[in-house]
Protein chains: 2
Amino acid sequence: MIRTGTLALAITIFGVSTLSAAKRTREEASPVYGVTLPKGYRHWTLISVAQENGRHNDIRAILGNAIAVKAFREKRRPFPDGAVIVRLAWRYQSSPRNDAVFPAPQSFIAGEPTNIQVSVKDSRRYPGSGGWGYGQFERGIANPSATLAQSCFACHAKLKKGDDLVFTDWAP
Amino acid sequence: MIRTGTLALAITIFGVSTLSAAKRTREEASPVYGVTLPKGYRHWTLISVAQENGRHNDIRAILGNAIAVKAFREKRRPFPDGAVIVRLAWRYQSSPRNDAVFPAPQSFIAGEPTNIQVSVKDSRRYPGSGGWGYGQFERGIANPSATLAQSCFACHAKLKKGDDLVFTDWAP
(Lines give C-alpha, C1' and ligand atoms only; values in the text may rest on other atoms or scores of the structure.)
Protein backbone atom coordinates (compact mmCIF):
# COMPACT_ATOMS: atom_id res chain seq x y z
CA MET A 1 0.00 0.00 0.00
CA ILE A 2 2.75 2.36 0.95
CA ARG A 3 4.67 1.32 -2.17
CA THR A 4 1.72 1.90 -4.44
CA GLY A 5 1.12 5.24 -2.81
CA THR A 6 4.76 6.22 -3.27
CA LEU A 7 4.66 5.12 -6.88
CA ALA A 8 1.48 7.11 -7.50
CA LEU A 9 3.04 10.11 -5.82
CA ALA A 10 6.18 9.73 -7.91
CA ILE A 11 4.14 9.51 -11.11
CA THR A 12 2.15 12.55 -10.08
CA ILE A 13 5.24 14.59 -9.27
CA PHE A 14 7.02 13.43 -12.42
CA GLY A 15 3.93 14.20 -14.50
CA VAL A 16 3.57 17.67 -13.00
CA SER A 17 7.29 18.39 -13.37
CA THR A 18 7.29 17.38 -17.03
CA LEU A 19 4.22 19.48 -17.68
CA SER A 20 5.73 22.48 -15.87
CA ALA A 21 8.98 22.19 -17.79
CA ALA A 22 7.16 21.99 -21.11
CA LYS A 23 4.96 24.94 -20.19
CA ARG A 24 7.93 26.91 -18.95
CA THR A 25 9.89 26.28 -22.15
CA ARG A 26 6.90 27.22 -24.26
CA GLU A 27 6.37 30.43 -22.27
CA GLU A 28 10.04 31.40 -22.26
CA ALA A 29 11.07 30.85 -25.86
CA SER A 30 9.70 32.49 -28.99
CA PRO A 31 8.20 30.33 -31.73
CA VAL A 32 10.20 29.84 -34.95
CA TYR A 33 13.46 31.13 -33.39
CA GLY A 34 13.48 29.83 -29.80
CA VAL A 35 14.70 33.21 -28.52
CA THR A 36 14.41 33.83 -24.78
CA LEU A 37 14.55 36.97 -22.62
CA PRO A 38 18.26 37.33 -21.73
CA LYS A 39 19.09 37.30 -18.03
CA GLY A 40 19.92 40.73 -16.65
CA TYR A 41 18.95 42.58 -19.84
CA ARG A 42 17.23 45.36 -17.86
CA HIS A 43 20.70 46.49 -16.72
CA TRP A 44 22.26 46.46 -20.18
CA THR A 45 23.63 49.63 -21.75
CA LEU A 46 21.22 52.00 -23.46
CA ILE A 47 21.74 52.19 -27.24
CA SER A 48 19.07 54.77 -28.03
CA VAL A 49 15.47 55.85 -27.50
CA ALA A 50 12.57 56.28 -29.92
CA GLN A 51 8.88 57.08 -30.06
CA GLU A 52 6.27 55.49 -32.32
CA ASN A 53 2.87 56.97 -33.07
CA GLY A 54 0.09 55.20 -34.94
CA ARG A 55 -0.97 51.75 -33.80
CA HIS A 56 1.99 51.43 -31.43
CA ASN A 57 1.66 54.78 -29.61
CA ASP A 58 4.67 53.96 -27.47
CA ILE A 59 7.97 55.33 -26.23
CA ARG A 60 10.90 52.94 -26.38
CA ALA A 61 14.40 52.20 -25.23
CA ILE A 62 16.86 49.97 -27.02
CA LEU A 63 19.43 48.19 -24.85
CA GLY A 64 22.30 45.97 -25.93
CA ASN A 65 24.68 43.40 -24.51
CA ALA A 66 28.43 44.12 -24.51
CA ILE A 67 28.97 42.65 -28.01
CA ALA A 68 26.13 44.72 -29.46
CA VAL A 69 27.23 47.91 -27.68
CA LYS A 70 30.77 47.60 -29.03
CA ALA A 71 29.47 47.12 -32.57
CA PHE A 72 27.04 50.05 -32.24
CA ARG A 73 29.75 52.37 -30.92
CA GLU A 74 32.16 51.35 -33.68
CA LYS A 75 29.38 51.52 -36.32
CA ARG A 76 30.30 47.94 -37.21
CA ARG A 77 27.88 46.27 -39.62
CA PRO A 78 27.09 43.45 -39.95
CA PHE A 79 26.86 42.79 -36.22
CA PRO A 80 29.05 39.93 -34.96
CA ASP A 81 27.51 36.72 -33.68
CA GLY A 82 26.58 37.03 -30.04
CA ALA A 83 25.16 40.54 -30.36
CA VAL A 84 21.80 40.80 -28.60
CA ILE A 85 19.49 43.82 -28.82
CA VAL A 86 16.50 44.28 -26.51
CA ARG A 87 13.82 46.81 -27.35
CA LEU A 88 11.56 47.79 -24.43
CA ALA A 89 8.40 49.83 -25.00
CA TRP A 90 5.82 51.55 -22.83
CA ARG A 91 2.58 53.43 -23.54
CA TYR A 92 3.39 56.98 -24.65
CA GLN A 93 1.38 59.09 -22.25
CA SER A 94 1.25 62.67 -21.09
CA SER A 95 2.36 63.47 -17.56
CA PRO A 96 -0.05 65.72 -15.63
CA ARG A 97 2.49 65.80 -12.78
CA ASN A 98 5.24 67.19 -14.99
CA ASP A 99 2.88 69.47 -16.92
CA ALA A 100 1.79 71.09 -13.65
CA VAL A 101 5.41 72.15 -13.08
CA PHE A 102 6.37 73.10 -16.64
CA PRO A 103 5.20 76.33 -18.29
CA ALA A 104 2.89 74.46 -20.71
CA PRO A 105 1.57 70.92 -21.24
CA GLN A 106 4.52 69.34 -23.01
CA SER A 107 5.71 66.30 -21.10
CA PHE A 108 5.28 62.67 -22.15
CA ILE A 109 6.52 59.71 -20.15
CA ALA A 110 6.60 55.91 -20.11
CA GLY A 111 3.25 54.42 -19.06
CA GLU A 112 2.42 50.73 -18.80
CA PRO A 113 4.92 48.42 -20.50
CA THR A 114 3.62 47.03 -23.81
CA ASN A 115 6.08 44.41 -25.02
CA ILE A 116 9.77 43.61 -25.30
CA GLN A 117 11.38 42.50 -28.53
CA VAL A 118 14.67 40.65 -28.59
CA SER A 119 17.01 40.24 -31.58
CA VAL A 120 19.82 37.69 -31.36
CA LYS A 121 22.61 37.56 -33.93
CA ASP A 122 23.67 33.99 -34.65
CA SER A 123 24.48 33.52 -38.31
CA ARG A 124 24.78 29.73 -38.05
CA ARG A 125 21.53 29.26 -36.16
CA TYR A 126 19.47 31.73 -38.21
CA PRO A 127 20.73 31.57 -41.80
CA GLY A 128 17.24 32.05 -43.22
CA SER A 129 16.62 35.42 -41.56
CA GLY A 130 19.84 37.31 -42.20
CA GLY A 131 21.51 35.79 -39.15
CA TRP A 132 18.96 37.19 -36.68
CA GLY A 133 16.53 35.36 -34.42
CA TYR A 134 13.57 37.24 -32.98
CA GLY A 135 11.17 37.06 -30.07
CA GLN A 136 8.44 39.22 -28.56
CA PHE A 137 7.56 39.05 -24.88
CA GLU A 138 4.62 40.36 -22.89
CA ARG A 139 4.92 40.33 -19.08
CA GLY A 140 7.90 38.02 -19.43
CA ILE A 141 6.00 35.45 -21.55
CA ALA A 142 6.96 34.77 -25.17
CA ASN A 143 4.20 35.67 -27.59
CA PRO A 144 3.21 32.28 -29.07
CA SER A 145 2.31 33.55 -32.55
CA ALA A 146 4.56 32.16 -35.28
CA THR A 147 3.08 34.70 -37.68
CA LEU A 148 4.16 37.52 -35.39
CA ALA A 149 7.67 36.07 -35.00
CA GLN A 150 8.02 35.77 -38.76
CA SER A 151 6.79 39.34 -39.29
CA CYS A 152 9.90 40.64 -37.46
CA PHE A 153 12.25 39.55 -40.22
CA ALA A 154 9.78 40.56 -42.95
CA CYS A 155 9.81 44.13 -41.60
CA HIS A 156 13.51 44.41 -40.71
CA ALA A 157 14.39 43.05 -44.17
CA LYS A 158 12.94 46.22 -45.71
CA LEU A 159 15.93 48.23 -44.44
CA LYS A 160 18.85 48.74 -46.77
CA LYS A 161 21.49 46.00 -46.78
CA GLY A 162 24.15 48.04 -44.97
CA ASP A 163 21.93 48.36 -41.89
CA ASP A 164 22.18 44.59 -41.22
CA LEU A 165 18.43 44.53 -40.41
CA VAL A 166 18.78 46.93 -37.48
CA PHE A 167 16.74 50.14 -37.18
CA THR A 168 18.74 51.71 -34.38
CA ASP A 169 21.98 53.72 -34.26
CA TRP A 170 23.99 54.58 -31.18
CA ALA A 171 22.79 57.77 -29.46
CA PRO A 172 25.91 59.63 -28.30
CA MET B 1 72.86 79.42 -19.83
CA ILE B 2 71.59 75.86 -19.82
CA ARG B 3 70.38 76.34 -16.26
CA THR B 4 68.43 79.49 -17.12
CA GLY B 5 66.94 77.70 -20.12
CA THR B 6 65.89 74.75 -18.00
CA LEU B 7 64.36 77.09 -15.42
CA ALA B 8 62.46 78.97 -18.09
CA LEU B 9 61.24 75.71 -19.55
CA ALA B 10 60.16 74.48 -16.11
CA ILE B 11 58.26 77.73 -15.48
CA THR B 12 56.59 77.47 -18.86
CA ILE B 13 55.55 73.85 -18.35
CA PHE B 14 54.40 74.54 -14.78
CA GLY B 15 52.47 77.60 -15.94
CA VAL B 16 50.75 75.68 -18.75
CA SER B 17 49.96 72.75 -16.46
CA THR B 18 48.41 74.99 -13.83
CA LEU B 19 46.35 76.79 -16.44
CA SER B 20 45.20 73.49 -17.96
CA ALA B 21 44.23 72.10 -14.58
CA ALA B 22 42.27 75.22 -13.70
CA LYS B 23 40.53 75.22 -17.07
CA ARG B 24 39.81 71.51 -16.82
CA THR B 25 38.30 71.90 -13.36
CA ARG B 26 36.19 74.83 -14.49
CA GLU B 27 34.98 72.90 -17.52
CA GLU B 28 34.28 69.70 -15.61
CA ALA B 29 32.36 70.95 -12.58
CA SER B 30 29.05 72.80 -12.47
CA PRO B 31 28.87 76.22 -10.81
CA VAL B 32 27.16 76.48 -7.41
CA TYR B 33 27.25 72.70 -6.80
CA GLY B 34 30.58 71.50 -8.22
CA VAL B 35 28.88 68.48 -9.80
CA THR B 36 30.86 66.58 -12.46
CA LEU B 37 29.90 64.06 -15.14
CA PRO B 38 30.26 60.68 -13.41
CA LYS B 39 32.71 58.26 -14.98
CA GLY B 40 31.05 55.44 -16.90
CA TYR B 41 27.54 56.93 -16.60
CA ARG B 42 26.72 56.05 -20.21
CA HIS B 43 26.65 52.38 -19.16
CA TRP B 44 24.44 52.91 -16.12
CA THR B 45 21.03 51.27 -15.86
CA LEU B 46 18.09 52.89 -17.61
CA ILE B 47 15.48 54.25 -15.18
CA SER B 48 12.98 55.52 -17.73
CA VAL B 49 12.46 57.51 -20.93
CA ALA B 50 10.50 60.68 -21.65
CA GLN B 51 9.75 63.19 -24.37
CA GLU B 52 9.43 66.95 -23.99
CA ASN B 53 7.78 69.25 -26.51
CA GLY B 54 7.85 73.03 -26.40
CA ARG B 55 11.17 74.79 -26.06
CA HIS B 56 13.02 71.53 -25.33
CA ASN B 57 11.69 69.43 -28.23
CA ASP B 58 13.75 66.47 -27.08
CA ILE B 59 13.58 62.78 -26.32
CA ARG B 60 15.33 61.68 -23.15
CA ALA B 61 16.69 58.80 -21.15
CA ILE B 62 17.24 58.80 -17.41
CA LEU B 63 20.04 56.57 -16.12
CA GLY B 64 21.05 55.91 -12.53
CA ASN B 65 23.95 54.53 -10.54
CA ALA B 66 23.46 51.38 -8.44
CA ILE B 67 22.28 53.32 -5.35
CA ALA B 68 19.73 55.28 -7.38
CA VAL B 69 18.50 52.18 -9.26
CA LYS B 70 17.90 50.29 -6.00
CA ALA B 71 15.92 53.22 -4.58
CA PHE B 72 13.90 53.62 -7.79
CA ARG B 73 13.05 49.91 -7.91
CA GLU B 74 12.04 49.88 -4.24
CA LYS B 75 10.14 53.21 -4.61
CA ARG B 76 12.27 54.50 -1.76
CA ARG B 77 11.92 58.24 -1.13
CA PRO B 78 13.84 60.25 -0.10
CA PHE B 79 16.77 58.86 -2.06
CA PRO B 80 19.78 57.84 0.03
CA ASP B 81 23.02 59.79 -0.14
CA GLY B 82 25.17 58.58 -3.01
CA ALA B 83 22.29 58.28 -5.47
CA VAL B 84 23.20 59.84 -8.80
CA ILE B 85 20.74 60.37 -11.67
CA VAL B 86 21.87 61.30 -15.18
CA ARG B 87 19.37 62.63 -17.69
CA LEU B 88 20.49 62.49 -21.33
CA ALA B 89 18.54 64.27 -24.07
CA TRP B 90 18.62 64.39 -27.85
CA ARG B 91 16.70 66.36 -30.47
CA TYR B 92 13.31 64.73 -31.04
CA GLN B 93 13.24 64.16 -34.77
CA SER B 94 11.29 62.13 -37.27
CA SER B 95 13.03 59.22 -38.97
CA PRO B 96 12.56 59.11 -42.75
CA ARG B 97 14.40 55.77 -42.77
CA ASN B 98 11.93 54.16 -40.37
CA ASP B 99 8.92 55.88 -41.92
CA ALA B 100 9.82 54.39 -45.31
CA VAL B 101 9.44 50.93 -43.78
CA PHE B 102 6.40 51.52 -41.57
CA PRO B 103 2.87 51.80 -42.95
CA ALA B 104 2.66 55.54 -42.16
CA PRO B 105 4.97 58.35 -40.98
CA GLN B 106 5.05 57.67 -37.27
CA SER B 107 8.62 57.17 -36.13
CA PHE B 108 10.66 59.60 -34.01
CA ILE B 109 14.23 58.99 -32.92
CA ALA B 110 17.13 60.57 -31.04
CA GLY B 111 18.88 63.25 -33.10
CA GLU B 112 21.84 65.35 -31.99
CA PRO B 113 22.51 65.31 -28.25
CA THR B 114 21.36 68.51 -26.53
CA ASN B 115 22.58 68.38 -22.93
CA ILE B 116 23.06 66.08 -19.98
CA GLN B 117 21.81 66.94 -16.51
CA VAL B 118 23.22 65.29 -13.41
CA SER B 119 21.59 65.15 -9.96
CA VAL B 120 23.72 64.04 -7.00
CA LYS B 121 22.16 63.25 -3.63
CA ASP B 122 24.40 64.35 -0.77
CA SER B 123 22.37 65.75 2.09
CA ARG B 124 25.40 67.05 4.00
CA ARG B 125 26.95 68.79 1.00
CA TYR B 126 23.71 70.25 -0.38
CA PRO B 127 21.49 71.12 2.62
CA GLY B 128 20.16 74.25 0.88
CA SER B 129 18.69 72.43 -2.11
CA GLY B 130 16.90 69.49 -0.56
CA GLY B 131 20.07 67.41 -0.49
CA TRP B 132 20.58 67.51 -4.25
CA GLY B 133 23.41 69.04 -6.25
CA TYR B 134 22.91 69.75 -9.94
CA GLY B 135 24.91 70.22 -13.11
CA GLN B 136 24.23 70.60 -16.82
CA PHE B 137 26.76 69.54 -19.44
CA GLU B 138 27.03 70.21 -23.15
CA ARG B 139 29.54 68.13 -25.13
CA GLY B 140 31.11 67.06 -21.86
CA ILE B 141 31.62 70.65 -20.62
CA ALA B 142 29.79 72.00 -17.58
CA ASN B 143 27.48 74.88 -18.42
CA PRO B 144 29.07 77.83 -16.56
CA SER B 145 25.81 79.65 -15.77
CA ALA B 146 25.11 79.90 -12.05
CA THR B 147 21.59 81.09 -12.86
CA LEU B 148 20.98 77.89 -14.86
CA ALA B 149 22.38 75.70 -12.06
CA GLN B 150 20.14 77.41 -9.52
CA SER B 151 17.09 77.04 -11.76
CA CYS B 152 17.34 73.23 -11.41
CA PHE B 153 16.40 73.29 -7.75
CA ALA B 154 13.80 76.04 -8.29
CA CYS B 155 12.00 73.79 -10.80
CA HIS B 156 12.43 70.44 -9.02
CA ALA B 157 11.18 72.06 -5.79
CA LYS B 158 7.76 72.51 -7.39
CA LEU B 159 7.12 68.76 -7.14
CA LYS B 160 5.26 67.45 -4.14
CA LYS B 161 7.35 66.67 -1.08
CA GLY B 162 7.03 62.89 -1.37
CA ASP B 163 8.78 62.91 -4.75
CA ASP B 164 12.07 64.04 -3.14
CA LEU B 165 12.59 66.52 -6.01
CA VAL B 166 12.71 63.77 -8.66
CA PHE B 167 10.45 63.76 -11.72
CA THR B 168 11.12 60.20 -12.81
CA ASP B 169 9.74 56.84 -11.74
CA TRP B 170 11.15 53.42 -12.60
CA ALA B 171 9.82 52.10 -15.94
CA PRO B 172 9.22 48.35 -15.47
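Definitions and limits used
- Residues numbered from 1 in each chain as written.
- Chains lettered and ligands numbered in written order.
- Predicted model: local features only at pLDDT ≥ 70, side-chain atom pairs only at ≥ 80, totals over all residues.
- Heavy atoms only, no water.
- Contact = heavy atoms within 4.5 Å.
- Salt bridge = Lys/Arg side-chain N within 4 Å of Asp/Glu carboxyl O.
- Polar contact = N/O pair within 3.5 Å; in protein donor to acceptor, adjacent residues only side chain to side chain.
- Helix = DSSP H or I, 4+ residues; strand = E, 2+ residues; numbered from the N terminus.
- Phe/Tyr/Trp six-rings, centres within 6.5 Å; stacked < 30°, edge-to-face > 60°.
- Lys NZ or Arg CZ within 6 Å of the ring centre and 35° of its normal.
- pLDDT = per-residue confidence, 0-100.
- Disulfide = S-S within 2.5 Å.
- Least-squares fit on C-alpha atoms with pLDDT ≥ 70 in both.
- Buried < 20%, exposed > 50% of the residue type's maximum accessible area, 1.4 Å probe, protein only.
- Arc of directions from axis to C-beta.
- Core = buried A, V, L, I, M, F, W, Y, C linked by side-chain atoms within 4.5 Å.
- Pairing = 2+ DSSP bridges.

Report on the interface of chain B and chain A, specifying residues and quantitative values.
The interface of chain B with chain A comprises 42 residues on the first partner and 42 residues on the second. Remark: the boundary between chain B and chain A carries four salt bridges. Among the salt bridges present, the one from D169 of chain A reaches R97 of chain B, with a minimum N-O distance of 3.7 Å. Inspection of the region where chain B meets chain A yields 26 residue pairs in polar contact (both at pLDDT 80 or more). For the side of chain B that touches chain A, the secondary structure elements donating two or more residues are β1 (45-52), β2 (58-64), α2 (66-73), β3 (84-94), α3 (96-101) and β4 (107-121) of chain B.

Account for the packing of aromatic side chains, with residues named and values stated.
With the rule as written, the count across this model stands at 12 aromatic pairs over all chains. A centroid spacing of 5.5 Å and a plane angle of 35 degrees characterise the contact between F102 of chain A and F167 of chain B, whose relative ring orientation is tilted. Of this pair, F102 of chain A sits in the loop between α3 (96-101) and β4 (107-121) while F167 of chain B is found in the segment after α4 (146-156), placing the two residues in two different chains. Here a set of aromatic residues connected by ring pairs shows up, and it is made of Y33, Y126 and Y134 of chain A. Its guanidinium or amino end placed over the ring of W170 of chain A, R42 of chain B lies 4.0 Å from that ring's centre, counting from NZ or CZ.

Break down the confidence of the model for chain A for me, with residues and values.
Here chain A averages 90 in pLDDT, while 85% of its residues score no lower than 70. In the model, residues 1-16 of chain A has pLDDT below 50 throughout and makes zero contacts with residues more than four positions away in sequence or in other chains.

Outline the state of the cysteines, supporting the account with residue identities and numerical values.
Scanning the entire structure with this criterion turns up zero disulfides over all chains. We note that C155 of chain B lacks a disulfide partner, and the nearest cysteine sulfur, in C152 of chain B, lies 8.4 Å from it.

Pulling in residues and values, what's your account of the relation of the copies chain B and chain A?
When chain B is brought onto chain A, the operation consists of a screw motion whose angular component is 180 degrees and whose axial shift is 0.0 Å, with 0.0 Å RMSD remaining. Taken together, the rotation and translation relating the two chain copies correspond to the operation of a two-fold axis. The share of interface residues of chain B whose copies in chain A are also at the interface is 100%, consistent with both copies meeting through the same surface.

I'd like a description of α4 of chain B, backed by residues and values.
Residue and element names in this part refer to chain B. For α4, every residue scored as buried is listed here: A149, C152 and H156. Looking straight down α4, one finds its buried side chains confined to an arc of 40 degrees; they lie on one side. As for α4, its buried residues are in contact with β5 (132-138). The distance from a side-chain oxygen at the start of α4 to the backbone nitrogen of T147 is 3.4 Å, and the residue carrying that oxygen is S145.

Hey, could you go over the nonpolar core for me, with residue numbers and the actual values?
Formed by 76 residues in total, the largest nonpolar core has its most connected members in L46 of chain A together with L46 of chain B. In this view, L46 of chain B contacts R42, L46, A61, L63 and W90 of chain A together with A61, I62, L63 and W170 of chain B; residues no more than four positions away in its chain are not counted.

Hey, could you go over the environment of E138 of chain B for me, with residue numbers and the actual values?
Residue and element names in this part refer to chain B. With respect to the secondary-structure elements, E138 resides in strand β5. Contacts of E138, omitting those with residues within four sequence positions, involve T114, N115 and N143. At a separation of 2.6 Å, a polar atom in the side chain of E138 contacts the side chain of Q136.

Before we move on, could you go through the pairing of strand β3 (residues 84-94) of chain A and cite the residues and values that matter?
Residue and element names in this part refer to chain A. In terms of burial, β3 is largely enclosed, as eight of its 11 residues are buried. Pairing of strand β2 (residues 58-64) with β3 involves seven bridges; the strand directions are antiparallel. Across the sheet, residue G64 finds its bridge partner in β3, namely I85. Across nine bridges, β3 lies against β4 in antiparallel orientation. Bridged to S94 within β4 is F108.

Which residues make up the pairing of β2 of chain B, and what values go with them?
Residue and element names in this part refer to chain B. Most of β2 is tucked away, with seven of its seven residues classed as buried. Burial along β2 is two-sided: D58, R60, I62 and G64 facing one way and I59, A61 and L63 facing the other are all buried. When β1 meets β2, the two strands line up antiparallel, connected through seven bridges. Of the residues in β2, the one forming a bridge with S48 is I62.

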